[in-house]
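# Coordinates in review
Given next are the chains, with one letter for each unit.
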Amino acid sequence: MKKIGLTGGIASGKSTVLSFFKKRGIPYVDADVVAREVVEAGTKGLEAIVEHFGSTVLHKDGTLNREILGNIVFHDNSKRDVLNHCLKQYIRARIMELTEEYEAKRMPVLIYDIPLLIEGEWYTMMDEVWLVYVNETTQVQRLMERNGYSRSDAMARIHSQMKLDDKRSYATIIIDNNGAPHELEKQLQSIWSTRIEPVLKPFE
């Protein structure tokens, strides 16, 4: 099974890229979905968060208040590191479980949508790394327009992640998303025909 690691940054367009391949039936593991699963009510992941951040990060019904937690960690690197440490083992275990399930089904290719692909060293188990790249100016503008953030809030969230420029050296393929949607589509069509179709053909 060919393992492809898809990464980028906030507002880089990674979800748009993943959607292109999802629509064509390519299976995927979404780390953000996994991260939500491991902090659902009653999970060990949520217990670990409460242990470190207190019950103020919970709604009255006992579920995680993501807005409050986000405001805490996006403006404090040390607290963000604590959060990542709390959840790392649970996220890793679930992703490996999903990997085994797809391998058992003899899937020819699997895309891993993992924001911390580089930071968490997930790239070491990938056959290819695809980076969705935008410059910081574009990233800030899109994040402000999409989420209604102020410039300072947008910058805080962008700077809470590894710089996209620093991820370039890890990438097998760099998908440039600074341009118009049709330009991105053209790149993805090329990737489909050169990187995915040859893998799928033996299974047809």
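Predicted model only: the values in this text are computed from it and were never measured. (Residues numbered from 1 in each chain as written. Predicted model: local features only at pLDDT ≥ 70, side-chain atom pairs only at ≥ 80, totals over all residues. Heavy atoms only, no water.)

### Some details on the overall build of the chain
Applied cut-off: For helices the rule is a DSSP run of H or I covering at least 4 residues; for strands it is a run of E covering at least 2, with both sets numbered from the N terminus onward. Residue contacts are counted whenever heavy atoms from the two residues lie within 4.5 Å of one another. A 1.4 Å probe and the Shrake-Rupley method give the accessible areas. Residues count as covered only by the protein chains that appear here. His is not counted, nor are the chain ends, whereas Lys and Arg count as positive and Asp and Glu as negative. For this purpose, a charge sits on NZ of Lys, CZ of Arg, CG of Asp or CD of Glu.
Each helix and strand in the chain was counted, giving nine helices and five strands. Element order for the chain, N to C, with α for helix and β for strand: β-α-β-α-α-α-α-β-β-α-α-α-β-α. Dimensions along the principal axes, computed over C-alpha positions, put the chain at roughly 50 × 40 × 30 Å. Summarising the internal contacts of the chain: among those between residues at least 6 apart in sequence, 71% fall at separations of at least 24. Just so you have it, the chain exposes about 11,200 Å², and 48% of that area is on carbon and sulfur atoms. Here the chain holds 27 positive side-chain charges and 29 negative ones, and the gap between their average locations is 2 Å.

### A closer look at the environment of Ser15
Position of Ser15 among the secondary structure elements: in helix α1 (residues 14-22). The spacing of Ser15 and Leu116 is 101 residues in sequence and 14 Å in space, taken between C-alpha atoms.

### Thoughts on the packing of helix α6 (residues 136-147) against helix α7 (residues 151-159)
For clarity, the cut-off: Interaxial angles span 0 to 180 degrees and are taken between N-to-C directions of axes, which are lines fitted to C-alpha atoms, for helices over the stretch in contact. In these notes the angle categories are as follows: under 35 degrees is roughly parallel, over 145 is roughly antiparallel, 65 to 115 is roughly perpendicular, and the rest is oblique. Helix crossings are classified by the rotation of the near helix relative to the far one: an anticlockwise turn of less than a right angle makes the crossing left-handed, while a clockwise turn makes it right-handed. Only Asp, Glu, Lys and Arg are considered charged in this grouping, and only Ala, Val, Leu, Ile, Met, Phe, Trp, Tyr, Cys and Pro are considered nonpolar; every other residue, Gly among them, is considered polar.
In contact at an axis separation of 9 Å, α6 and α7 are set at 120° when each is read in the N-to-C sense. Comparing their axes, α7 and α6 come out oblique. The chirality of how α6 crosses α7 is right-handed. On the side of α6, the interface is formed by Glu136, Gln139, Val140, Leu143 and Met144, while α7 contributes Arg151, Ala154, Met155, Arg157, Ile158 and His159. Residue composition of the contact of α6 with α7, by class: six nonpolar, two polar and three charged.

### A short note on the UniProt feature "binding site: ATP" (unreviewed entry) in the chain
Formally: UniProt positions are given in the numbering used here, feature names are shortened, and annotations may be inferred rather than shown by experiment. Throughout this description, a polar contact denotes any pair of N or O atoms lying within 3.5 Å of each other; where both atoms belong to protein, one of them has to be capable of donating a hydrogen while the other can accept it, and for residues adjacent in sequence the pair is counted only when both atoms sit in side chains. A simple rule labels every residue: compare its accessible area, found with a 1.4 Å probe on the protein chains alone, to the largest value its type can have, and call it buried under 20%, exposed over 50%, or partly exposed in between.
What UniProt calls "binding site: ATP" (unreviewed entry) maps, in this numbering, to Ala11, Ser12, Gly13, Lys14, Ser15 and Thr16. Excluding residues within four positions of it along the chain, Ser12 makes contact with Val132, Val134, Arg142, Leu164 and Asn177. There is a polar contact of 2.8 Å between the side chain of Ser12 and the backbone oxygen of Gly9. Its location among the elements puts Gly13 in the loop between β1 (2-7) and α1. Overall, the relative accessible area of 17% leaves Gly13 in the buried class.

### Quick notes on the sheet that holds β1
Sheet strands line up and pair through hydrogen bonds in the backbone, either parallel or antiparallel. Note the threshold: Pairing between strands is defined by DSSP: at least two bridges between them are needed.
Across the sheet, which stays open at both edges, the five strands sit in the order β2-β3-β1-β4-β5 with parallel pairing between neighbours. Two strands lie at the open edges of the sheet, namely β2 (28-30) and β5 (173-176), each paired on one side alone. Recorded for the sheet is a direction-independent mean angle of 20° between the axes of neighbouring strands. Pairing analysis gives five bridges linking β1 to strand β3 (residues 109-113), with the strands arranged parallel. Bridge assignment links Ile4 to a residue of β3, and that residue is Ile111.

### With respect to the packing of aromatic side chains
Applied cut-off: Any Phe, Tyr or Trp ring, taking Trp's six-membered ring, that has another such ring centre within 6.5 Å forms a pair; planes under 30 degrees apart are called stacked, those over 60 apart edge-to-face, and the others tilted.
Throughout the structure, instances matching the rule amount to four aromatic pairs. Ring geometry for Tyr123 and Tyr170: centres 4.9 Å apart, planes at 65°, overall edge-to-face. On the criterion of sequence distance, the pair formed by Tyr123 in the loop between β3 and β4 (128-133) and Tyr170 in the loop between α8 (164-167) and β5 is long-range, its members being 47 residues apart. Residue classification places Tyr123 among the partly exposed positions, given a relative accessible area of 27%. The partly exposed category is assigned to Tyr170, whose relative accessible area is 33%. Connected via pairs of aromatic rings, a cluster forms that spans Phe20, Phe21, Trp130 and Trp192.

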